[in-house]
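Observations on the model geometry
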Amino acid sequence: MLAATSLCSCQTIKKITPDLHIPKPGLPDLSKVKKMIPGLDDGLPVDDPTVPFNATGALGYGHSISMDIYEGVRNPKRLFEGKRMVDENGVISFGKVGSAKVGGRNLMDAERMISSVFRVGGRSSFALTVHLPSVEGVNLVRVDGDVANPVYVPMWDRMHLRDLVQRAGGRRAGSTARSVYITREGQKMFFPNLEAAETWWKFRPGDIVTLSPDL
């Protein structure tokens, strides 16, 4: 805890971000209580094909998307964990909750549509976090926030945070901010700069890197 405290002025950060957490040494246990929406299975059709996938391209028929969806910020609750396949109409279905037409759209747009489906169909009034850990078996990390081009990036061995930020075009022109949040299992972790995040974090599929424009 002393090491984590030395990363930044914790009293200042707590005032600014009261619902967020500063990480302790090692990876924190972020397991959350499930609150799965009734009627949702997590499987794929038996005829699910293998389809080439480009992380910056458009989704289409046969693409199988792994999803992990949470509601809330302080104590995130999992609404859904599983996979869905894009059907011949470009749609992924969540049963009674609703469906999202993602065919022809990139992953960033698809994520927003999935979030909208769960907000409306799942009648959630809390903040939603949609993790997309993989598509067609390709493990992914999302980079967004104060970057030139928010993007999903395929994971690779010895991946570094600075490399991910470069894939997103770096921070926006004129930005003077340095801080970053990383979200796992719906839970945000705050870091005062990229160097601190590199020291504490080991990436997993589905992690979301958000560069803050404010600090």
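Residues numbered from 1 in each chain as written. Predicted model: local features only at pLDDT ≥ 70, side-chain atom pairs only at ≥ 80, totals over all residues. Heavy atoms only, no water.

Counted residue by residue, strand S8 (residues 180–184) has 5 buried out of 5 residues, so it is predominantly covered. Taking every second residue as pointing to the same face, both faces of S8 are buried, with Val180, Ile182 and Arg184 on one and Tyr181 and Thr183 on the other. Pairing geometry for S8 and strand S9 (residues 187–191), over 5 bridges, is antiparallel. Residue pairing across strands places Thr183 opposite Lys188, the latter belonging to S9. The antiparallel hairpin formed by S8 and S9 contains 2 residues in its connecting segment, where Glu185 sits at a positive phi of about 50°. Where S8 lies against strand S10 (residues 208–211), 4 bridges are found, and the strand directions are antiparallel. Within the sheet, the bridge partner assigned to Thr183 lies in S10 and is Ile208. (Buried < 20%, exposed > 50% of the residue type's maximum accessible area, 1.4 Å probe, protein only. Helix = DSSP H or I, 4+ residues; strand = E, 2+ residues; numbered from the N terminus. Pairing = 2+ DSSP bridges.)

What follows concerns the nonpolar core. Counting residues in hydrophobic clusters, the biggest one holds 26 residues, and the most contacted among them are Phe94, Ile114 and Phe118. At 6 residues, the largest contribution of residues to this core is made by helix H3 (residues 107–121). Apart from the residues lying within four places of it in its own chain, the contact partners of Ile114 are Met67, Ile69, Ile92, Phe94, Ala100, Val130 and Leu132. Counting 22 residues, the second largest nonpolar core, distinct from the first, contains Leu164, Val165, Leu194 and Ala197. (Core = buried A, V, L, I, M, F, W, Y, C linked by side-chain atoms within 4.5 Å. Contact = heavy atoms within 4.5 Å.)

Within the secondary structure, Asn139 sits in strand S6 (residues 138–145). For the pair Asn139 and Ser66, spaced 73 residues apart in sequence, the C-alpha to C-alpha distance is 9.4 Å. Not counting residues within four places of it along the chain, the set of residues in contact with Asn139 comprises Pro133, Ser134, Val153, Pro154, Met155 and Pro205.

Let us now look at the confidence of the model for the protein. For the protein, per-residue confidence averages 85 on the pLDDT scale, and 80% of positions sit at 70 or higher. Note on residues 1–20: pLDDT is under 50 here. Beyond four places in sequence and across chains, it has 27 contacts. Contacts from residues 24–33, a stretch scored under 50 in pLDDT, to residues over four places away or in other chains number 22 contacts. (pLDDT = per-residue confidence, 0-100.)

Bringing the environment of Pro205 into the picture now. With respect to the helices and strands, Pro205 occurs in the loop between helix H5 (194–200) and S10. Residue class for Pro205 comes out partly exposed when judged on its relative accessible area of 38%. Discounting residues that sit within four places of it in the chain, Pro205 has contacts with Pro133, Asn139, Leu140 and Met155.

What follows is about the side chain of Arg142. Position of Arg142 among the secondary structure elements: in strand S6. Within the local environment of Arg142, its side chain forms a polar contact with the backbone oxygen of Val130, the two atoms lying 3.2 Å apart. Of the polar contacts made by the side chain of Arg142, one reaches the side chain of Asp144; its length is 3.0 Å. Excluding residues within four positions of it along the chain, Arg142 makes contact with Met108, Glu111, Val130, Val151, Tyr152, Asp207, Ile208 and Val209. (Polar contact = N/O pair within 3.5 Å; in protein donor to acceptor, adjacent residues only side chain to side chain.)

Another point: the packing of aromatic side chains. What characterises a pair of aromatic rings is the spacing of the ring centres plus the angle enclosed by the ring planes. All told, the structure shown has 5 aromatic pairs when counted by the stated rule. With centroids separated by 6.2 Å and ring planes inclined at 45°, the aromatic side chains of Phe80 and Phe118 adopt a geometry described as tilted. Here Phe80 is found in strand S2 (residues 77–85), whereas its partner Phe118 is found in helix H3, with 38 residues between them in sequence. Judged by relative accessible area, Phe80 falls into the buried class, the value being 1%. (Phe/Tyr/Trp six-rings, centres within 6.5 Å; stacked < 30°, edge-to-face > 60°.)

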